[in-house]
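A look at the structure
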Protein chains: 2
Amino acid sequence: MQEPNTKRSRQREKIFQVLRRTRSHPTAEWIFKEVRQDVPKISLGTVYRNLSVLRRQGRILELDFGEGIRRYDAVIQPHYHFVCSRCGSVCDIDVPPLNVVTEQARTVIPGIVDSHRLDYIGTCNTCLEHS
Amino acid sequence: MQEPNTKRSRQREKIFQVLRRTRSHPTAEWIFKEVRQDVPKISLGTVYRNLSVLRRQGRILELDFGEGIRRYDAVIQPHYHFVCSRCGSVCDIDVPPLNVVTEQARTVIPGIVDSHRLDYIGTCNTCLEHS
DNA sequence: ATACATGCAAATCATTTGCGCAGTC
DNA sequence: GACTGCGCAAATGATTTGCATGTAT
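So, here's what we can say about the structure. On a predicted model such as this, the values are computed, not experimentally measured, just so you know.

Some details on the protein's contact with DNA strand D
Close to DNA strand D lie 20 residues; Lys-7, Ser-9 and Thr-46 of chain A together with Tyr-48 and Arg-70 of chain B are nearest. Sugar plus phosphate, as a fraction of atoms of DNA strand D within 4 Å of the protein: 72%. In the model, a base oxygen of DNA strand D is placed 3.1 Å from a nitrogen or oxygen of the Arg-49 of chain B side chain. Every element with two or more residues in the surface near DNA strand D is listed here: α1 (10-21) and α3 (44-56) of chain A together with α3 (44-56) of chain B. Tallied by class, residues from the surface near DNA strand D come to 4 nonpolar, 8 polar and 8 charged.

Below is the structure:
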């Protein structure tokens, strides 16, 4: 878990803890505000730098749903997402990843497939109620 | 195909043609350079504005593979993509979209699913040869 | 004539980076 | 003590926007 050339730091561990405690796939800005409550002098740059380190260490995932904002996830087991196109919320989907899908495509794909990513797009229950 | 409050323009049609002629899922910058050969005075802002219009008209798709750059595609029929994690190239996958995938998830998802998006991630043949 | 579209430049917004100081091993 | 990480502020890079002018209908 410890990368070469990597020391431990209060800021980094706090960032990781904050991310573990939420299921909301937050942005760097959100994490920054959250961590600042415990570490008031932390800077946004530090948050970005550490999110980068954590991703390189494989401790977190970096997600992107095409909004031009990056989101982060401490759940690193392969899983799919449901994205609400109305409010932008993202939630984890409890369906076992389908290796079949990858197998079927391997034959057609001009290269080697390592993994796949599946997003469901729709409208979440909260938004449905409010309409 | 004609949206209300939308006139025809040489720039917009040219941008659309350029996008139709390629299978490379280009960025706005690439489209800009391409269109500039025919319309030398076109500005990058115009390219962005028109890509936006074309997307709202449903004539093109806006894609995002988490590189922080937006890509565009004139193939609007639902289809999947193969992304090379080494060189970043993107290619269309000729596998019929699996409604099954969506059906299976509907039961678990807290909302209404409109569509899904599937990306295969791996290494393309070109990169495999060069290594 | 009346919108709508353009070119240009400046503004925005998320993210990255250079620097001198501080914390960890 | 050597090296890594921090806070700060400035830089970057993609995309957006305001404005005066040009163009399609």
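Some details on the relation of the copies chain A and chain B
At an RMSD of 0.1 Å, chain A and chain B line up after a rotation of 180° and a shift of 0.0 Å along the axis. The transformation relating the two chain copies, once decomposed into turn and shift, fits a two-fold axis. Taking C-alpha positions as the reference, the residue of chain A nearest the rotation axis is Leu-118 of chain A, at 2.3 Å.

Details of the interface of chain A and chain B
On the chain B side, the residues contacting the 35 residues of chain A number 35 residues. Of the roughly 2900 Å² buried between chain A and chain B, counting both surfaces, carbon and sulfur atoms make up 63%. Joining chain A to chain B, the criterion identifies 0 salt bridges. Applying the counting criterion to the chain A and chain B interface returns 12 residue pairs in polar contact (both at pLDDT 80 or more). Counting residues per element, the ones that place at least two in the side of chain A that touches chain B are β4 (90-93), α4 (99-106), β5 (111-124) and α5 (125-129) of chain A. With 14 residues, β5 of chain A is the largest single contributor of residues to the side of chain A that touches chain B.

Details of helix α1 (residues 10-21) of chain B
Three- or four-residue spacings in an α-helix give side chains the same orientation, since the helix completes a turn every 3.6 residues. For α1 of chain B, which comprises 12 residues, the first-to-last C-alpha distance of 17 Å matches the rise-based estimate of 16 Å (1.5 Å per residue) to within 8%. Of all the positions in α1 of chain B, only Arg-12, Glu-13, Lys-14, Ile-15, Phe-16, Val-18 and Leu-19 of chain B are classed as buried.

Focus: the packing of aromatic side chains
Per the counting criterion, the structure on display carries 0 aromatic pairs over all chains. Its end group placed over the ring of Phe-16 of chain A, Arg-59 of chain A keeps NZ or CZ at 4.5 Å from the ring centre.

Some remarks on the pairing of β5 of chain A
β5 of chain A sits mainly inside the fold: 10 of its 14 residues count as buried. Two strands pair when backbone bridges link them, and strand β3 (residues 80-84) of chain A and β5 of chain A are joined in this way by 4 bridges, in the parallel orientation. Along β5 of chain A, the bridge assignment pairs Val-83 of chain A with Ile-121 of chain A. As paired elements, β5 of chain A and strand β5 (residues 111-124) of chain B share 13 bridges and run antiparallel to each other. Bridge assignment links Ser-115 of chain A to a residue of β5 of chain B, and that residue is Ile-121 of chain B.

Notes on the protein's contact with DNA strand C
Residues in contact with DNA strand C amount to 21 residues; listed here are only the nearest, Tyr-48 and Arg-70 of chain A together with Asn-5, Lys-7 and Thr-46 of chain B. Expressed as a percentage, the sugar and phosphate content of the atoms of DNA strand C within 4 Å of the protein is 69%. For DNA strand C, a base oxygen lies 3.1 Å from a polar atom in the side chain of Arg-49 of chain A. Arg-70 of chain A is positioned with one of its backbone polar atoms (N or O) 2.8 Å from a phosphate oxygen of DNA strand C. Only α3 of chain A together with α1 and α3 of chain B provide two or more residues apiece to the surface near DNA strand C. Considering every element that reaches the surface near DNA strand C, the biggest residue donor is α3 of chain A, with 4 residues. Residue classes in the surface near DNA strand C are distributed as 4 nonpolar, 9 polar and 8 charged.

A closer look at unusual backbone geometry
Residues and elements named next belong to chain A. A positive phi angle, near 50°, is found at His-25, a position not held by glycine. With respect to the secondary-structure elements, His-25 resides in the loop between α1 and α2 (28-36). On the basis of relative accessibility, which here comes to 2%, the residue His-25 falls in the buried class.

Some points on the nonpolar core
With 26 residues, the main nonpolar core has Tyr-120 of chain A together with Tyr-120 of chain B as its most contacted residues. Broken down by secondary-structure element, the contributors of at least two residues to this core are β3 and β5 of chain A together with β3 (80-84) and β5 of chain B.

Calculation rules
Residues numbered from 1 in each chain as written. Chains lettered and ligands numbered in written order. Predicted model: local features only at pLDDT ≥ 70, side-chain atom pairs only at ≥ 80, totals over all residues. Heavy atoms only, no water. Near = heavy atom within 4 Å. Polar contact = N/O pair within 3.5 Å; in protein donor to acceptor, adjacent residues only side chain to side chain. Helix = DSSP H or I, 4+ residues; strand = E, 2+ residues; numbered from the N terminus. Nonpolar A, V, L, I, M, F, W, Y, C, P; charged D, E, K, R; others polar. Least-squares fit on C-alpha atoms with pLDDT ≥ 70 in both. Contact = heavy atoms within 4.5 Å. Buried area = accessible area lost by both parts, 1.4 Å probe. Salt bridge = Lys/Arg side-chain N within 4 Å of Asp/Glu carboxyl O. Expected span 1.5 Å × (residues − 1). Buried < 20%, exposed > 50% of the residue type's maximum accessible area, 1.4 Å probe, protein only. Phe/Tyr/Trp six-rings, centres within 6.5 Å; stacked < 30°, edge-to-face > 60°. Lys NZ or Arg CZ within 6 Å of the ring centre and 35° of its normal. Pairing = 2+ DSSP bridges. Core = buried A, V, L, I, M, F, W, Y, C linked by side-chain atoms within 4.5 Å.

Such coordinate-based values are descriptive only and should not be taken to indicate function.
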